[in-house]
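# Overview (structure and organization)
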Amino acid sequence: MNSNTSFHDLPALDTAKLPAHVAIIMDGNGRWAKKRYLNRINGHKKGTEVVRTIVRTSREIGISILSLYAFSTENWQRPQKEVAALMTLLKNFLQSELKEMMDNNIRLTSIGQIERLPENVKMALHKATTATRENNGMVLNLALSYGGRSEIVRMVRKIAGKTKDGLIDPDSITPELISEHLYTHGMPDPDLLVRTSGEMRISNFFLWQIAYSEIFFTDTLWPDFNKDEFIQILKDYQNRERRFGKVGS
Ligand code: IPE
Ligand code: IPE
Ligand code: MG
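None of the values given here were measured: they were computed from a predicted structure.

With respect to the helices, strands and loops of the structure, Glu82 is situated in helix α3 (residues 80-103). Here Glu82 falls in the buried class, since its relative accessible area comes to 6%. Only 2.8 Å separates the side chain of Glu82 from the side chain of Arg78, close enough to count as a polar contact.

In structure tokens:
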């Protein structure tokens, strides 16, 4: 498929049954590179191109929120060279995609320990977030230095602090209140969670939020992922019956 594909090239998707929030664990860049006797960093570079494609496709299809797991709290433990390369790629992505995000009415948000990111990444992120804040065509939500457990710890600290100050009564702590104190406050939970590269695990991505998400694992390595496969996954999602603990229809 070439880069000029547009709406009418999309195979039939039921627009009434689209997931509002899609979350993706983009995994397999390193293995993609290894298979080609390349440095892992080449895999991350190719992976960034796939990010562009999937953002564009999501916007075309009409997905409201696309959350991408780009860097976990645990990923800081990778070799310093790899971390530095990932940070540079991230900064370059934020700078080069700003125009595309503006042209396509995409709002950029981020979740995670943003304070741990290098200064130049924080600046690029702040610039893109501020510039796109009024856009309402789609939210591109990047999980950066994100970990589900540290998000939960942060939430507990906030609620405990408010409780101590008498602002929250312990009896008024509800699932909704907890959601409001997570990074994802104001967002619906993901309807669909996709993980590439064949690993059958969550790796500390959304823990609270995926209680009722539909999960799709694919063996495809992230740099090989494409628009066609993404649409196939969305079709699979549309054929599932979400029961939320109730009885089926
Ligand atoms: C995903 O690809 C990118 C990040 C986690 C930042 P990996 O780098 O984890 O690739 P594999 O899993 O080693 O193949
Ligand atoms: C999960 O992938 C994190 C991201 C995709 C950003 P990892 O490659 O870090 O996860 P594990 O180590 O295989 O669980
Ligand atoms: Mg991995």
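Picking up after the structure, the text goes on.
Around ligand 2 lies a shell formed by Ile25, Met26, Asp27, Tyr69, Ala70, Phe71, Ser72, Asn75, Arg78, Arg195, Arg201 and Ser203. One nitrogen or oxygen atom from the side chain of Asn75 is found 2.9 Å from an oxygen atom belonging to ligand 2. Between Arg201 and ligand 2, the recorded distance is 2.8 Å, taken from a side-chain N or O atom to an oxygen atom. When ligand 2 sits alone it has 390 Å² of accessible area, and the protein chains cover 78% of it. With four residues, strand β2 (residues 65-72) is the largest single contributor of residues to the shell around ligand 2. Here the residues of the shell around ligand 2 sort into five nonpolar, three polar and four charged.

Here the focus is the pairing of strand β1 (residues 21-25). β1 sits mainly inside the fold: five of its five residues count as buried. Here β1 shows two buried faces, one formed by His21, Ala23 and Ile25 and the other by Val22 and Ile24. Direction of pairing for β1 relative to strand β5 (residues 192-195): parallel, over a ladder of four bridges. Within the sheet, the bridge partner assigned to Ala23 lies in β5 and is Leu193.

Okay, helix α4 (residues 119-131) next. Across its 13 residues, α4 extends 18 Å between first and last C-alpha, which sits within 8% of the 18 Å expected from 1.5 Å per residue. Within α4 the residues assigned to the buried category are Val121, Ala124, Leu125 and Ala128. Along α4, the residues classed as buried sweep out an arc of 100 degrees about the axis, all on the same side. In α4, those exposed residues whose orientation departs by more than 90 degrees from the buried face are Glu119, Met123, His126 and Lys127.

What follows deals with the sheet that holds β5. If you trace the six strands from one edge of the open sheet to the other, you get β3-β4-β2-β1-β5-β6, paired in parallel fashion. If you trace the sheet from one side to the other, it starts and ends with β3 (106-111) and β6 (214-217), each paired once. Pairs of neighbouring strands in the sheet enclose a mean axial angle of 20 degrees, with direction left out of account. By the bridge criterion, five bridges tie β1 to β2 in an arrangement that is parallel. In the strand pairing of β2, Ile24 is matched with Leu68. In this fold helix α2 (residues 40-61) packs onto β1, β2, β3 and β4 (138-146), with an angle of close to 160 degrees to the strand it touches most, β2.

Neighbouring ligand 1 are Met26, Asp27, Gly28, Asn29, Gly30, Arg31, Arg40, His44, Ala70, Asn75, Arg78 and Leu86. In this structure, an oxygen atom belonging to ligand 1 sits 2.9 Å away from a main-chain N or O atom of Gly30. Protein contact buries 88% of the 380 Å² of open area that ligand 1 shows by itself. Looking at the shell around ligand 1, the elements that each hand over two or more residues are α1 (29-35) and α2. Looking at the shell around ligand 1 residue by residue, the classes come out as three nonpolar, five polar and four charged.

Per-residue confidence for the protein chain averages 96 on the pLDDT scale, and 96% of its residues sit at or above 70. Within the model, the stretch residues 1-5 combines pLDDT values under 50 with five contacts to residues more than four positions away or in other chains.

Attention now moves to the pairing of β2. Of all eight residues making up β2, seven are buried, and the element is well covered by its neighbours. Judged from the seven bridges that link them, β2 and β4 form a sheet pairing that is parallel. Bridging across to β4, Ser72 finds its partner in Tyr146.

Thresholds, definitions, all that
Residues numbered from 1 in each chain as written. Chains lettered and ligands numbered in written order. Predicted model: local features only at pLDDT ≥ 70, side-chain atom pairs only at ≥ 80, totals over all residues. Heavy atoms only, no water. Helix = DSSP H or I, 4+ residues; strand = E, 2+ residues; numbered from the N terminus. Buried < 20%, exposed > 50% of the residue type's maximum accessible area, 1.4 Å probe, protein only. Polar contact = N/O pair within 3.5 Å; in protein donor to acceptor, adjacent residues only side chain to side chain. Near = heavy atom within 4 Å. Areas by Shrake-Rupley, 256 points an atom, 1.4 Å probe, with all protein chains shown as cover. Nonpolar A, V, L, I, M, F, W, Y, C, P; charged D, E, K, R; others polar. Pairing = 2+ DSSP bridges. Expected span 1.5 Å × (residues − 1). Arc of directions from axis to C-beta. Axes fitted to C-alpha atoms, helices over the stretch in contact; angles between N-to-C directions. Contact = heavy atoms within 4.5 Å. pLDDT = per-residue confidence, 0-100.

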